[in-house]
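Coordinate inspection notes
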Amino acid sequence: MSLSISPRILSKFKHLLRIGPRRHFSKENPVSKTRNIGILAHIDAGKTTTTERMLFYSGKTRTLGEVHHGNTVTDFLDQERERGITICSAAVTFPWDQAKINLIDTPGHIDFTMEVELSLGAVDAAVVILDASAGVEAQTLTVWSQADRYSLPRIVFVNKMDRDDADFLGCLEDLKKNLKVVPVPLQIPIKGKKELAGIVDVVRRKLLTWNAKNEGLSYKISSLPEHLSEECEAKRAELIDCLSGLDDDLAEIVISRDSLSDIDPETVQNAIRRATISRKIVPVLMGSAYKNTGVQTLLDAVVSYFPNPCERYKELAPFEGDFIARVFKIMHDKQRGPLTLFRVLSGSLKRNGKVTTGRGGSEVAQKIYEPLANEYREIEEVSSGDIGICAGLKTTKTGDLLVGSSAVLKKLQKKFPKALPQSEDDLPSDTPSNAAGLFSVETKIPDAVYFCSVEPPSLSQQKNLDLALMQLQREDPSLKVRYDETTFQTVLGGMGELHLDIVKSRILSEYKVDAMLGPLQIAYRESLDVDQARDSLQVEKDIAGSRQRMSIELSLRQGQKEKFIVDTSKDAGEGLTSLRPRHLSLVKKGILAGLERGPKLGGSVVDTYAVLHDISIGPGAVDSFIIATAAQCVQKILREAGCRLLEPIMSLEIIAPGDLMPLIVPDLSRRRATILDMCPKGEFNKQLKVHAPLAELSNYSSSLRILTSGRATFFMEYSHYAPMTSQDQEIAIKTAQGLM
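Values in this document were obtained by computation on a predicted structure and should not be read as measured data. (Residues numbered from 1 in each chain as written. Predicted model: local features only at pLDDT ≥ 70, side-chain atom pairs only at ≥ 80, totals over all residues. Heavy atoms only, no water.)

Before going further, it helps to spend a moment on the side chain of arginine 671. Within the element layout of this structure, arginine 671 appears in the loop between α18 (661-670) and β33 (674-681). Classification of arginine 671 as buried rests on a relative accessible area of 13%. Within the local environment of arginine 671, its side chain forms a polar contact with the backbone oxygen of glutamate 696, the two atoms lying 2.7 Å apart. Sequence-distant contacts of arginine 671, defined by excluding residues within four places in its chain, comprise Pro693, Glu696, Leu697, Ser698, Tyr700 and Ser703. (Helix = DSSP H or I, 4+ residues; strand = E, 2+ residues; numbered from the N terminus. Buried < 20%, exposed > 50% of the residue type's maximum accessible area, 1.4 Å probe, protein only. Polar contact = N/O pair within 3.5 Å; in protein donor to acceptor, adjacent residues only side chain to side chain. Contact = heavy atoms within 4.5 Å.)

Pasting the structure below:
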């Protein structure tokens, strides 16, 4: 009797058919065998394809997923599979060579760089993937600088070496020139007619060739033929010579033996590991993930050269046994509710265990899961050095610290007062409340460059829309949501057109709200047009039968100081001496609120700070009245002194054949662009670096495609804000008001 399964049911459960046999890690598996890594790269360099091969070769999955087929493990959102790009970072766990690897696949598109920033705080090292034909690209520079802020050791994997225009030596030169690092190639490519025929392992003096018939599952290790042996020995001598100048242990061995060739592979590998962990070198490997070549040796290098969690967090040795973890991502699951991804720094957490946040709240981790993108296997416990997911934490935010009890939190605050303030009030005024993560760089929330209004299809859907936006913002801190009291609209701020487009798509597909987004508007800023301006305001008002009275004198000044300071000079008013701390805090809130909207286009006022000279608050004044009066005084000064607009300037990197540059450059000049540099990129192409106003780059992707017949590529990211001329300012105001 044959069993027939309907295509609908089969498609519903097809992801289960891809997951390989569960490999349970022994509880005795030491932390020294754990590696926590992130995958970083420019868009389309091959991050997700490489991750997919790692899962397949480790036995975690049964079949190979492909980005263009929309069936990869880590790209699980519908929007990711439709567009073929990574939008949300995804965590997976798999075994390799008796080790446990926790890997986070991160986005490569600049609109989702916040996902990269948050993920890097949870890993101990990073694999940076380069396109062999493009080398170091614009987003490579961005993710590299992000990894620098977290002091992460790195390995570079030069991908797509099967391409005809692959240039391994060019990638090494790019690493030296653009990233100012010491790249150490551990392999030599053997190019065939139209493929990567093999790889020479310089450390072990072996030739590696992959079997294309079994999807690269096996590869052959053989002795070097004579014509390759000489080149390998020369490269190996260069490698050991470089390492001996950076590693004292290897230098002693080289001096004692008076030879660069008579060094065994294990000694060389140990030297590479020490130099990699200390970030003196960057090992460089190669392969072609799509053609199933070189991924296994990359995994070997991850295990051999990257640090384990104990080596990363030596400062937490006195807290051994105390549960300490850091939250790096929040996800929402339809069945399980909010899921919290966290990295365990010390101790362990069991199911139904109680945790205390860095802000003092207490919650219960109802269930704990092992991560595999959007697939979850429930486990009893997650231990030190691991990455886990827990359900049941309702108030925890991205960047929060989780500890086992308030006693542990007090111990941490006492030992690390700078890394973990006693309270949010101890933080600088411009620091986000969730940014005081232990041993991490402050999570800097990037500024939005686009904004638009969002409305539900009907009033009955308003509650569902608010819930969707609240959950999406909790997942993605770079999504800004605010209510505009002037227009009575909810306004979304995002990193780019794609960012806001994805948000709209997710609201519809995941929360079933057909929200209407208004036209995209550029997030202009405003700045005081004079060096300083001073004024006062007196307000008297009846509120609920109570007479409210307040007078305040402020000055606004240009500068990068704190947003608000109190006048301490001899000219300060007598009212400051009797001002209560609570009233001072309310005045500060009002001033900051007043600086949120400029008089021209409602953009936030920057490079401006307020000085409080005098104040008088009548008896019984309510908090809202004090805040509103301070904000009104700020707005009055801004209107009378005048403001100027600042516009976002984008950094563009355009790569095109040299003969097309005479078409591209004049078009950029018409867009008010500033040419920064033009240099060769490969044999035929040139690389053009420019700064251009975002207002002039609407639909530039289509324009460039038409102009060059699809032969040019470009990358764009936010650079800075710059003042506008009076003529451009007038055009911007009319455009925003719908008059142009």
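Burial analysis of strand β24 (residues 489-494) places five of its six residues in the buried class, the great majority of the element. Bridge count between strand β22 (residues 450-455) and β24: five bridges; the pairing is antiparallel. Looking at the pairing, phenylalanine 451 lines up with glycine 493 of β24. Alignment of strand β23 (residues 480-484) against β24, held across five bridges, turns out to be antiparallel. Counterpart to arginine 482 in the pairing with β24 is valine 491. (Pairing = 2+ DSSP bridges.)

Turning our eyes to something else, we now look at the sheet that holds strand β29 (residues 546-558). Across the sheet, four strands lie side by side as β28-β29-β31-β30; this open sheet has mixed pairing. Looking at the sheet topology across the chains shown, the edges are occupied by β28 (532-543) and β30 (564-566). Shown here is a sheet whose adjacent strand axes are inclined to one another by a mean of 30°, direction ignored. Sheet topology places β30 next to strand β31 (residues 608-617); three bridges connect them, and they run parallel. Residue pairing for β31: valine 566 is matched across the bridge by leucine 612. Where helix α17 (residues 623-641) meets the sheet, its contacts fall on β28, β29 and β31, and the angle it forms with β28 comes to roughly 140°. (Axes fitted to C-alpha atoms, helices over the stretch in contact; angles between N-to-C directions.)

Moving on to the environment of proline 265. Within the element layout of this structure, proline 265 appears in helix α10 (residues 265-277). Accessibility expressed as a relative area gives 31% for proline 265, which makes it partly exposed. In the structure, proline 265 is positioned 62 residues away from valine 203 in sequence and 5.7 Å away in space, judged by C-alpha atoms. Apart from the residues lying within four places of it in its own chain, the contact partners of proline 265 are Val203, Arg204 and Arg236.

In this structure, Ile101, Val127 and Leu243 are the most contacted members of the largest nonpolar core, which totals 54 residues. It is helix α11 (residues 295-305) that contributes the most residues to this core, seven residues altogether. With residues near it in sequence (within four places) discarded, isoleucine 101 still touches Arg35, Ile37, Val92, Thr93, Phe94, Trp96, Leu299, Val302 and Val303. (Core = buried A, V, L, I, M, F, W, Y, C linked by side-chain atoms within 4.5 Å.)

On to α18. Buried within α18 are the following residues: Met661, Ile664, Asp667 and Leu668. End-on, the buried residues of α18 take up no more than an arc of 135°, which puts them together on one face. Facing away from the buried side of α18, by more than 90 degrees, are the exposed residues Pro662 and Arg670. Contacts from the buried residues of α18 go to β32 (643-657), β33, β34 (685-693) and α19 (700-708). Just downstream of α18, arginine 672 is the residue with a positive phi angle, here 60°. (Arc of directions from axis to C-beta.)

Quick look at the side chain of glutamate 363 now. Among the secondary structure elements, glutamate 363 is positioned in strand β16 (residues 362-365). Buried charge without a partner: glutamate 363 forms no salt bridge, and the closest opposite charge is arginine 474, 5.8 Å away. Within the structure, the side chain of glutamate 363 is placed 2.9 Å from the side chain of threonine 395, a separation counted as a polar contact. Within polar-contact distance, the side chain of glutamate 363 engages the side chain of threonine 396 at 2.8 Å. Residues contacting glutamate 363, with those up to four places away along its chain left out, are Gly353, Lys354, Val355, Thr357, Gly392, Leu393, Lys394, Thr395 and Thr396. (Lys, Arg positive; Asp, Glu negative; His and termini not counted. Salt bridge = Lys/Arg side-chain N within 4 Å of Asp/Glu carboxyl O.)

This paragraph deals with the pairing of strand β2 (residues 90-96). With respect to burial, β2 is a largely interior element, seven of its seven residues being buried. Pairing analysis gives seven bridges linking β2 to strand β3 (residues 99-105), with the strands arranged antiparallel. Bridging from a neighbouring strand, alanine 91 pairs with isoleucine 104 of β3. Between β2 and β3, which pair antiparallel and follow one another directly, the connecting turn spans two residues, one of which, aspartate 97, has a positive phi of 50°.

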